Amino acid sequence: MSILNVEKLSHGFGDRAIFTDVSFRLLKGEHVGFVGANGEGKSTFMNIITGKLMPDEGKIEWSKNVRVGYLDQHAVLEKGQTIRDVLQSAFAFLFDLEAQMNGYYAEMAEADEERMNFLMEETGSIQELLEHHDFYIIDSKVEEIGRALGLTDIGLDKDVTELSGGQRTKVLMGKLLLEKPDILLLDEPTNYLDENHIEWLKRYLIDYENAFILISHDIPFLNSVVNLIYHVENAELNRYVGNYEKFQEVYEMKKAQLEAAYRKQQQEIEDLKDFVARNKARVATRNMAMSRQKKLDKMDVIELAKEKPKPEFNFKEARASGRYIFQTEDLVIGYDKPLSRPLTLSMERGQKIALVGANGIGKPHCSNPSLEKSLPSAAKPHWEIISIPVILSRKRNIPIM
Ligand SMILES: Nc1ncnc2c1ncn2[C@@H]1O[C@H](COP(=O)(O)OP(=O)(O)OP(=O)(O)O)[C@@H](O)[C@H]1O
Ligand SMILES: [Mg+2]
C-alpha cells in the first residue's frame, strides 16, 4: 500500500519545465533520498506534495489519516516567539482541544439533562485524547527535546529571530520531532548543523521506523540513512534502489550505455544519409535509397541531455598585499554579551583559513562536556563589546571583511 502516490505530474515556472509527466510512490518504511543538482526542482517537489504549490498537471494522493511533517528549507520564524513557543506549537491541536473542553465545562453549569449527557461524553473523550498525546507532560517533553538538540543551553526563552542558522534548524527540527508525524519530509536538514548534531540526526534517521523523504547535498550523510534514491534531472524523475553510492554506480553505467548507443546510432544515421544521397538519383538504386530513407524517418533518435553550463568565476587580481592581511589585538566579538575572549590574531598573505566550531559556540554556559573544552571561559564583567574593524586593502580601499 503506498503512502503517497504521484501520477503524471508536470510543472513549470514560466517557460522552464521543472517536471514533465513524472511519477513517484512512497511505500511504508521507505527511506528516500531525493537528489539532483541545484535548481532541478527538489524543493519544488516538496512544496507540491505538501500542497503549498499547485502543480500545472497531475495527481497527488496521500493515504488517509497520514500525518506529514515538513522541514522546509526556507521556513521563516516570526519575531516575538521564543524557542519554547515554537516547540510548544507542535501541540497546538491539543491546546485547541483543551480550550474546547473548557468551554464544555463552563456550559455544564446551565445545561439540561440531555445536553449534560452529551457534554460529559465529549469532555470524557477529549480528556482521553489529551492524555494519550501526553498533553499533561508537554513541558517535560519540550525540555527533553530541547536538551537532546542542545537548545536548553541557549535558553528556551530566547527570541527565535536572534538565533544562528544552526540553532534555527534545531528549533524547527525539535518542533517536527515533537509532532511525531507519520512521514518526515526533510529539505537539507544538515545545513548549518554542527558535527555533533549531524551525527545525532544520522542515528535518529537510521532508527526511524516510518518513511521519510530527505533532500541533502551532504553525500556521506545521505549515503548512511537512505535505502532508495529518486534522482531529478532535466524534468525527469528516476528511481534507484539502494544508497547514494549504488545510485552513482548505476547512473554512471546507464549514462555510459546511453552515450555508446547514441554514438552507434549517429554513425548509422550518417551512413544511411550518405547512402540515400549517393543512390536516390539513380533508377537502379532509387528503391533501395527510398527504403533507407524510410528507416531514417522512422528512427527513434536518441538524444543526450544537454551539457549544463558550468559556472565560471573570475576574480580580479590585485597587486599582492603586504605580509599581514589583518591583525587584531584583544578583539572581542559579540552582541549584547561577548562571544569570545580577547583575540589577538593575524592573517598573513597566502594563508587559507577555515573557521570552525559548534553551533552556539560563544555561550558562557554549556552543559555539553565535549563542547565545554573548546569554549571560551565565562564572560568576564570587564569585557567590552567592540565592533570588528573593517580592514581596507591598501591598493584600492576595498573592505575585505
Ligand atoms: N516560486 C517560483 N517562481 C519561479 N521560479 C521558481 C520558483 N521557485 C523555484 N523556482 C525555480 O525553479 C527551479 C527549481 O527550484 P527548486 O528550489 O525546486 O530547486 P532545488 O532542486 O530545491 O535546488 P537547491 O538544491 O538549490 O535547493 C529553479 O530554477 C528556481 O529558480
Ligand atoms: Mg531546494
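Residues numbered from 1 in each chain as written. Chains lettered and ligands numbered in written order. Predicted model: local features only at pLDDT ≥ 70, side-chain atom pairs only at ≥ 80, totals over all residues. Heavy atoms only, no water.

Quick look at the layout of surface pockets
Over the atoms rolls a probe the size of a water molecule, and in doing so it shows where empty space is left. The space that makes up the second largest pocket amounts to roughly 1,300 Å³. Every residue lining the second largest pocket is counted, 41 residues in all, and those nearest its centre are Glu-233, Asn-234, Tyr-251, Ala-305 and Lys-308. Contributing elements (two or more residues each) for the lining of the second largest pocket: strand S2 (16-27), strand S3 (31-35), strand S8 (228-233), strand S9 (236-241) and helix H9 (244-279). Sorting elements by how many residues they give to the lining of the second largest pocket places H9 first, with nine residues. Across the lining of the second largest pocket, the residue classes tally to 18 nonpolar, nine polar and 14 charged. (1 Å grid on protein atoms, 1.4 Å probe; cavity = no way out; pocket = protein on both sides within 12 Å on 5 of 7 lines; lining within 4 Å. Points joined across faces, edges and corners; volume = space filled by probe spheres on them. Helix = DSSP H or I, 4+ residues; strand = E, 2+ residues; numbered from the N terminus. Nonpolar A, V, L, I, M, F, W, Y, C, P; charged D, E, K, R; others polar.)

Things to note about helix H4 (residues 113-132)
Helix length check: H4 (20 residues) gives 29 Å between terminal C-alpha atoms against 28 Å at 1.5 Å per residue, within 8%. Of all the positions in H4, only Leu-119, Thr-123, Ile-126 and Leu-130 are classed as buried. Looking down the long axis of H4, one finds its buried residues gathered within 65° of arc, a one-sided arrangement. H4 presents Glu-113, Glu-114, Glu-121, Glu-128 and His-132 as exposed residues on the side facing more than 90 degrees away from its buried surface. Taken from the residues just after H4, Asp-134 is the one with a positive phi, measuring 60°. (Expected span 1.5 Å × (residues − 1). Buried < 20%, exposed > 50% of the residue type's maximum accessible area, 1.4 Å probe, protein only. Arc of directions from axis to C-beta.)

Examining the packing of helix H3 (residues 92-108) against H4
The N-to-C vectors of H3 and H4 enclose an angle of 155°; their axes lie 10 Å apart at closest approach. Of the possible angle classes, the one that applies to H3 and H4 is roughly antiparallel. Like other packed secondary-structure pairs, H3 and H4 cross with a definite hand, here left-handed. Note on element contacts: H4 touches H3 through Arg-115, Met-116, Leu-119, Met-120, Glu-122, Thr-123, Ile-126, Gln-127, Leu-129 and Leu-130, opposite Leu-94, Leu-97, Glu-98, Gln-100, Met-101, Tyr-104, Tyr-105, Glu-107 and Met-108. In terms of residue class, the contact of H3 with H4 is built from twelve nonpolar, three polar and four charged. (Axes fitted to C-alpha atoms, helices over the stretch in contact; angles between N-to-C directions. Parallel < 35°, antiparallel > 145°, perpendicular 65-115°, else oblique. Left-handed = near helix turned anticlockwise from the far one by under 90°. Contact = heavy atoms within 4.5 Å.)

Some remarks on the nonpolar core
Counting 52 residues, the largest nonpolar core has Ile-83, Leu-87, Leu-151, Leu-205, Phe-212, Leu-214 and Ile-229 as the members making the most contacts within it. No other element matches helix H6 (residues 165-179), which puts six residues into this core. Those residues in contact with Ile-83, other than ones at most four positions away along the chain, are Leu-151, Ile-154, Gly-155, Leu-156, Lys-158, Val-160, Leu-163 and Val-171. Counting residues in each nonpolar core, the second largest holds 25 residues, with Val-32, Phe-34, Met-46 and Leu-237 among its members. (Core = buried A, V, L, I, M, F, W, Y, C linked by side-chain atoms within 4.5 Å.)

Let's talk about the sheet that holds strand S1 (residues 2-13)
If you walk across this open sheet you meet the three strands as S2-S1-S4, and the pairing is antiparallel. Looking at which strands have only one partner, the edges of the open sheet turn out to be S2 and strand S4 (57-62). The sheet shows a mean angle of 15° between the axes of neighbouring strands, direction not considered. Bridge analysis of S1 against S2 gives eight bridges, and the strand direction is antiparallel. Paired with Asn-5 across the two strands is Arg-25, which belongs to S2. (Pairing = 2+ DSSP bridges.)

What to know about the packing of aromatic side chains
Where two aromatic rings form a pair, the distance of their centres and the angle of their planes describe that pair. Considering all chains together, one arrives at 14 aromatic pairs under this definition. For the pair Trp-200 and Tyr-204, a centre-to-centre distance of 5.7 Å together with 25° between the ring planes defines the contact as stacked. Within this pair, Trp-200 and its partner Tyr-204 are both found in helix H7 (residues 195-206), separated by four residues, close to a single helical turn. With a relative accessible area of 28%, Tyr-204 lands in the partly exposed category. For the ring pair Phe-247 and Tyr-251, a centre distance of 5.5 Å and an interplane angle of 35° mean the geometry is tilted. Of this pair, Phe-247 and Tyr-251 both sit in helix H9, four residues apart, roughly one helical turn. As far as burial versus exposure is concerned, Phe-247 and Tyr-251 are alike and both buried. Linked through ring pairs, Phe-19, Phe-24, Phe-34, Phe-45 and Tyr-230 together constitute an aromatic cluster. Over the ring of Phe-275 we find Arg-292, and its NZ or CZ is 4.1 Å from the ring centre. (Phe/Tyr/Trp six-rings, centres within 6.5 Å; stacked < 30°, edge-to-face > 60°. Lys NZ or Arg CZ within 6 Å of the ring centre and 35° of its normal.)

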